Amino acid sequence: NGFHEAAQKEIERSRRLNRPFTLGYIDIDNFKSINDQLGHTVGDQVIRKVAESIQSNLRKSDLVARLGGDEFALILTEAGQEASREVINRIRHHLTNEMEENSWHLTFSIGVLVCIEHPKTVDEILRLTTELRDFVKKNGKDGVCFSVYKSGS
């Protein structure tokens, strides 16, 4: 898919320039309850608002893509630990405010993998980032789990 190709290009670019990048995975917690209680029209509004909120907090060089019903992936180009932490925290803050303003009782589980070393495949870093997101989900949701990619780990 398009996100997969973009992530592969970013791996190659970061290797060529020897620069870090960050992959983020954002999942809307309990999204099904919105569709069940308020209907799919509101569910669609939530998805649009989340996408807009994420996009408005990214630079032009960054990328956001919707991967599943309530899942979004991000590529933060040339973003190491400090920059990615700043961006993710800003996104999370804006998302939380957006949900509160609309009286949508939703939170977000976010996995963030900072690639200082260069991964070989997109599948590997997507899997690791998904595991970080799953860790948040299993531990009460509504949080962020950051990790740093080390090749061979």
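Along every chain, residues carry numbers that run from 1 in the direction the sequence is written. Thresholds applied to this predicted model are a pLDDT of at least 70 for local features of residues and 80 or more for the giving and counting of side-chain atom pairs; totals over whole chains, interfaces and linings are not thresholded and use all residues. Hydrogens and waters are ignored; side-chain quantities use all the structure's heavy atoms.

Trainee: I tried to follow the overall build of the protein chain on my own but got confused; where do I start?
Mentor: Of regular secondary structure, the protein chain possesses five helices and five strands. By the criteria applied, helices consist of DSSP H or I runs no shorter than four residues and strands consist of E runs no shorter than two, each listed in order from the N terminus. Ordering the α and β elements of the protein chain from the N terminus gives α-β-α-α-β-β-α-β-α-β. With C-alpha atoms as the basis for the radius of gyration, the globule rule is written as 2.2 Å multiplied by the number of residues raised to the power 0.38. Computed over its C-alpha atoms, the radius of gyration of the protein chain comes to 15 Å, within 12% of the 15 Å expected for a compact globule of 153 residues. Taking the principal axes of the C-alpha coordinates as reference, the protein chain spans close to 50 × 30 × 30 Å. Sorting the 153 residues of the protein chain into buried and exposed places 47% on the buried side. Long-range contacts, defined as pairs at least 24 residues apart, comprise 72% of the intrachain contacts of the protein chain with a sequence gap of at least 6. Think of it in three bands: residues with accessible area under 20% of the maximum for their type are buried, residues over 50% are exposed, and the middle band is partly exposed, with areas taken using a 1.4 Å probe on protein chains only. Note on contacts: a residue pair is in contact if any heavy atoms of the two residues lie within 4.5 Å.

Trainee: What's the story with the environment of R13 in this structure? I'm lost.
Mentor: By the secondary structure assignment, R13 is in helix α1 (residues 2-17). On the basis of relative accessibility, which here comes to 23%, the residue R13 falls in the partly exposed class. Residues R13 and T77, 64 residues apart in the sequence, show an inter-C-alpha distance of 9.3 Å. Sequence-distant contacts of R13, that is, excluding residues within four places in its chain, are made with T77 and E78. Between N or O atoms, a polar contact is any pair within 3.5 Å; within protein, one atom must be a potential hydrogen donor and the other a potential acceptor, and residues adjacent in sequence are included only when both atoms are from side chains. Separated by 3.3 Å, the side chains of R13 and E78 make a polar contact.

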